[in-house]
Amino acid sequence: MARIAIRILGIGVVITAAGLLAARQTVRSSDPSRSPGHTATALASITIDYPEEGSIFPPEITPPTFLWRDATESARLWRVDVTFQDGSAAIRAMSTGERLQIGEIDPRCIANTNELPKLTPQQAAARTWTPDAETWAAIKKRSVVQPATVIITGLRDTNPDQPVSRGQVSIRTSKDPVGAPIFYRDVPLMPSELEKGVIKPLPPSAIPLVAWRLRNIADFRSRLLLDGLPTCANCHSFSLDGKTLGLDLDGPRNDKGMYAIASISPKMSIHNEDVISWDSFRDRPASPMRVGFMSQVSPDGRFVVTSLNGEKTDLAGSYYVANFKDYRFLQVFYPTRGILAWYSRDSRRIQSLPGADSPRYVQTDAVWSPDGKYIVFARANAREPYPSGRKMAEFAGDPNETPIQYDLYRIPFNEGNGGEATPITGASRNSMSNCFPKVSPNGRWLVFVQCRNGQLMRPDSKLYIVPVEGGEARRMRCNTPLMNSWHSFSPNGRWLVFSSKARSPYTQMYLTHLDEDGRDSPPILVDNATAANRAVNIPEFVNIHPEGLLKIDVPAVEFYRLYERAWELTEKGQDDAAIAAWKQALVMSPGDGRAHSNLGAVLLRRGKLDEAISHFERALEVNPGSPAGYNNLGVLLLRKERFNEATSQFQKALKINPEFAEARFNLASAFYMQGKTFEAVAQWREGLRLEPTRVSVLTQTAWALATSPKASVRNGAEAVAFAEQAVRLSGERDPEILDTLAAAYAEAGRYSDATQTARRALALAEKLHNGSLVDAIKGRIVVYEARKRFRETKPLPPSPQR
């Protein structure tokens, strides 16, 4: 006999076609002895676990599986009667009440750090019934105006006409369609300990198992859009008009600051040209890498708002992260520092949002109002993620977690000019952590997550709703007992999808209906979303036709593979092979500024200056706001002694970023090589204010201050201070630095110290067999012994800084 595969509450049940229904018929309840409410004796209770009383179903949804527990052991057959308040004929069906069974398993996702899904005692005791498509369509059609009542009656197998138990539930079908498919990330839960004490949420070998799917709730299964990526891709968002996708994407060299923005089409592709780098927002190239968190595309797709880690802190200094071997809640992750920044697709510039960019706070979880005029975000006092002496958390919800509680704020976007951030009453200052806000498409309601500490994947998280202007927050009826988060409004605002672990450690997604007054209904499971041992992550409605997105290709990933290969060859010093590899990568992505810049650097190393210049110039065409690009081009021009052009490039870099120390040092070198020592020293001083431990610059500055033939430049005391610092940092083992200190002592009138230091420098130079330096130091010793100062007659060209 044929078998029918049915999934129930995310855990599949397999029953025979014959066992599904012993009989199904449509009857009128005209015979009192056969009516659902008729019984001569007290009946045992039947508890209907799903759907809950008052559940509201979307008109498109496929048949659900009813789930109940019978208090009596004597029932062997169950009669299902569906009655309607309009007096029309009831629907009757018979069921053998098959037990639940575990559904489809993905064998690739089995690991020694997780467990196969198993039934809870309540689920193991449950019976099931799934109406066929025709019956379910009739129930939905006749339960729109008024609820339908589903009555389940237990019958003895020896006497089918004698009821022994009964339970009932009222359900309704909404007139509001969901109207859009749901996009979500489909992930395995496979924590790994790659080395002792180092736990990762997913081993590198399992990253290609992550998939992205689209679910039309009118279909029984989801559509696979993308899988097999060798690199990690994380949070996604869509513009309200359904035309633009934004996606976090790890780039080459484990660059976690990449973000893809691409137009949606049935068969869409994400090319390298679609990818931006949050790292271009660095305040100076030496600052920590910038990484975007919880980025959101604006309703019209023109902008992206994100949270960037602190100006002077790397990821470890901006996020609290604790990973566990417990696959059920395998990670705690939340920011403790960060500012809001926004990206313009037109200008390709990233800027901070005034009013939400204070280092005093962590500002995160930003979302747009439907008209794009304001932003709602979470804020808390900034703090160290790992305070000294505090024990690391060992499980999700551990009291040892670094405490942080967010409040929700609202701020005008004002075309990127921001404004004053104001707290939202009901979602702030309530001794709880309020996070992950979402604004309804009509702009009236704000749904957010509330938990005791932190955010994301919290066991105690609950959904709350509040007017967007603030007011009394209501705990939503749809909340399940365990983790409620990752929610998203349907485009018409009548449905909310969210994730929960109530039925299984492998996260599932649910729907709830919202009326005009923001009242929601009990949760409706979206079944068959993935295998029973995989988790649904970040479900989001997309405002497209169900056939509007069929497949996603990511050619950018192939470019990253070529980039990695070229980088490895560059690091190994295999210049010819590296040049060929960079050129191959640029064939695939001719507009990648990083590849042009890296190729230029290798060509520079090979002495091919003219070709290198062309690639640095191309890199600047791609990213004209890059201070590093202007600096690199300036270094090349300096090598070719095109001093005026080099000076112009360094000045352009400093106009963009006045605290770019490398460009400051190189501008000084350009001045010095043109004999403009006074201007050079001024630039060196400013650069050393930014980076006071740069030994080569300390030495060069001290030499100029001590030996310049221009009295207006010389400063013996300052030269000594710089030279002594350089000697300390170098471990007193560099003869050239000691030679510089000797000249500084002489300029300061300390001739005895000058002579002694010069002799130390001479001894080291002789050990190194540096003949030219030996001869020079010997000549200077004669000068110092004569109690004279040394004067440089021909300045030595300093080494450009890259």
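Residues numbered from 1 in each chain as written. Predicted model: local features only at pLDDT ≥ 70, side-chain atom pairs only at ≥ 80, totals over all residues. Heavy atoms only, no water.

Tell me about the overall build of the protein, residues and numbers included.
For the protein, the helix and strand inventory stands at 16 helices and 41 strands. With the C-alpha coordinates of the protein rotated into their principal frame, the extents come out at 130 × 55 × 45 Å. Counting only residues that meet the buried cut, the protein has 57% of its 802 residues in that class. Taking all contacts inside the protein whose residues are at least 6 apart in sequence as the whole, residues at least 24 apart take part in 62%. Carbon and sulfur atoms provide 50% of the accessible area of the protein, an area that totals close to 33,400 Å². (Helix = DSSP H or I, 4+ residues; strand = E, 2+ residues; numbered from the N terminus. Buried < 20%, exposed > 50% of the residue type's maximum accessible area, 1.4 Å probe, protein only. Contact = heavy atoms within 4.5 Å. Areas by Shrake-Rupley, 256 points an atom, 1.4 Å probe, with all protein chains shown as cover.)

So, the side chain of S488: which residues are in play, and what are the values?
Assignment of secondary structure puts S488 in strand β36 (residues 484-489). Here F541 takes part through its backbone nitrogen, which lies 3.1 Å from a polar atom of the side chain of S488. In this view, S488 contacts W495, L496, V497, P539, E540 and F541; residues no more than four positions away in its chain are not counted. (Polar contact = N/O pair within 3.5 Å; in protein donor to acceptor, adjacent residues only side chain to side chain.)

Lay out the nonpolar core in plain terms, naming residues and giving numbers.
Side chains of nonpolar character tend, in soluble globular proteins, to be buried together. Residues F183, I270, L549, I552 and W684 are the most contacted members of the largest nonpolar core, which totals 118 residues. Once you skip the residues sitting within four places of it in the chain, I552 turns out to touch F183, L225, L226, L245, M268 and I270. Counting 63 residues, the second largest nonpolar core, distinct from the first, contains F293, M294, C435 and L463. (Core = buried A, V, L, I, M, F, W, Y, C linked by side-chain atoms within 4.5 Å.)

Talk me through the packing of aromatic side chains; I want residue IDs and the actual numbers.
Throughout the structure, instances matching the rule amount to 26 aromatic pairs. With centroids separated by 5.7 Å and ring planes inclined at 40°, the aromatic side chains of F293 and F333 adopt a geometry described as tilted. Here F293, found in strand β22 (residues 292-297), pairs with F333, found in strand β25 (residues 331-335); they are 40 residues apart in sequence, far enough to count as distant. F293 gets classed as buried once you look at its relative accessible area, which sits at 8%. For F333, a relative accessible area of 22% corresponds to the partly exposed category. (Phe/Tyr/Trp six-rings, centres within 6.5 Å; stacked < 30°, edge-to-face > 60°.)

Let's hear about the environment of I199: which residues, and what values?
Mapping I199 onto the fold places it in strand β14 (residues 198-200). Apart from residues lying up to four places away in sequence, I199 is in contact with S192, E193, N323, F324 and K325.

Requested: an account of empty space enclosed by the protein, with residues and values cited.
As enumerated under the stated definition, the model contains seven cavities of 30 Å³ or more in all. Every residue lining the largest cavity is counted, 24 residues in all, and those nearest its centre are F238, L240, Q296, V439 and E540. Element by element, the count of residues in the lining of the largest cavity is highest for β36, at three residues. Classifying every residue of the lining of the largest cavity by side-chain character gives 13 nonpolar, nine polar and two charged. (1 Å grid on protein atoms, 1.4 Å probe; cavity = no way out; pocket = protein on both sides within 12 Å on 5 of 7 lines; lining within 4 Å. Points joined across faces, edges and corners; volume = space filled by probe spheres on them. Nonpolar A, V, L, I, M, F, W, Y, C, P; charged D, E, K, R; others polar.)

Quick one: what's the story with the sheet that holds strand β34 (residues 462-467), residue by residue and with numbers?
Neighbouring strands of a sheet are bound in pairs by backbone hydrogen bonds; such pairs are parallel or else antiparallel. In space, the four strands of this open sheet follow the order β32-β33-β34-β35, with antiparallel pairing throughout. Here the strands that pair on one side only, and so sit at the sheet edges, are β32 (433-439) and β35 (474-475). Pairing analysis gives six bridges linking strand β33 (residues 445-451) to β34, with the strands arranged antiparallel. Bridging from a neighbouring strand, V449 pairs with L463 of β34. (Pairing = 2+ DSSP bridges.)

Could you give me a rundown of the pairing of strand β19 (residues 258-263), with the residues and numbers involved?
With five of its six residues buried, β19 lies for the most part within the structure. With five bridges connecting them, strand β18 (residues 244-249) and β19 associate as antiparallel partners. Bridge pairing in β19 places G246 opposite I261. Relative to strand β21 (residues 275-277), β19 is paired through three bridges, and the arrangement is antiparallel. For Y259, the partnering residue across the bridge sits in β21 and is I276.

Residue-level account of the sheet that holds β19, with values.
Strand order in this open sheet of four strands is β17-β18-β19-β21, and the pairing throughout is antiparallel. Across the chains shown, the open sheet's two edge strands, defined by having one partner strand only, are β17 (233-238) and β21. Between one strand axis and the next, the sheet turns by 25° as a mean value, whatever way the strands run. Across four bridges, the pairing between β17 and β18 is antiparallel. Across the sheet, A233 pairs through a bridge with L249, a residue of β18. (Axes fitted to C-alpha atoms, helices over the stretch in contact; angles between N-to-C directions.)

Run through unusual backbone geometry, naming residues and quoting values.
Omega for the peptide link from Y50 to P51 comes to 0°, which places this bond in the cis form. Positioned with a positive phi, S431 is a non-glycine residue whose angle comes to about 65°. Here S431 is to be found in the loop between β31 (422-423) and β32. A positive phi is found at R787, a non-glycine position, where the angle reads about 55°. Tracing the backbone through its elements, the reader meets R787 in the segment after α16 (771-785). For R787, a relative accessible area of 57% gives the class exposed.

Residues and numbers for the environment of A427, please.
Here A427 is to be found in the loop between β31 and β32. For A427, a relative accessible area of 0% gives the class buried. Sequence separation between A427 and Y464 is 37 residues; the distance between their C-alpha atoms is 8.6 Å. Those residues in contact with A427 that lie beyond four places of it in its chain are D407, L408, N434 and F448.

Pulling in residues and values, what's your account of the confidence of the model for the protein?
Per-residue confidence for the protein gives a mean pLDDT of 89, with 91% of residues at or over 70. The low-confidence segment residues 1-40 (pLDDT under 50) makes 113 contacts with residues lying over four places distant or belonging to another chain. For the stretch residues 282-287, pLDDT sits under 50, and the model shows 14 contacts to residues farther than four places along the chain or on other chains. (pLDDT = per-residue confidence, 0-100.)

Help me get a handle on the environment of L569, residues and values and all.
Topologically, L569 is positioned in helix α4 (residues 555-571). Using a relative accessible area of 5% as the deciding quantity, one classes L569 as buried. Placed 146 residues apart in sequence, L569 and P423 show a C-alpha to C-alpha distance of 52 Å. If we ignore the near neighbours within four places in the chain, the residues touching L569 are Q574, A577, A578 and A581.

Which residues make up the pattern of salt bridges, and what values do they have?
For the coordinates displayed, the defined rule picks out 41 salt bridges. Between R689 and E686 there is a salt bridge, with the nearest N and O atoms lying 2.6 Å from each other. One end of the pair, R689, and the other, E686, are both in helix α11 (residues 677-690), three residues apart, so they sit about a helical turn from each other. Between D753 and R750 there is a salt bridge, and its shortest N-O distance comes to 3.0 Å. A residue is classified by how much of its surface remains accessible, and D753, at 28% relative accessible area, is partly exposed. (Salt bridge = Lys/Arg side-chain N within 4 Å of Asp/Glu carboxyl O.)

Which residues make up the packing of helix α5 (residues 575-588) against helix α6 (residues 593-605), and what values do they have?
Two elements in contact, α5 and α6, have axes whose closest approach is 10 Å; the angle formed by their N-to-C orientations is 155°. As summarised for this structure, α5 and α6 are arranged roughly antiparallel, according to the angle between their axes. Read as a crossing pair, α5 and α6 show a hand that is left-handed. Contacts from D575, A578, I579, W582, K583 and L586 in α5 reach A595, H596, N598, L599, V602, L603 and R605 in α6. Among the residues making up the contact of α5 with α6, the classes are represented as eight nonpolar, two polar and three charged. (Parallel < 35°, antiparallel > 145°, perpendicular 65-115°, else oblique. Left-handed = near helix turned anticlockwise from the far one by under 90°.)

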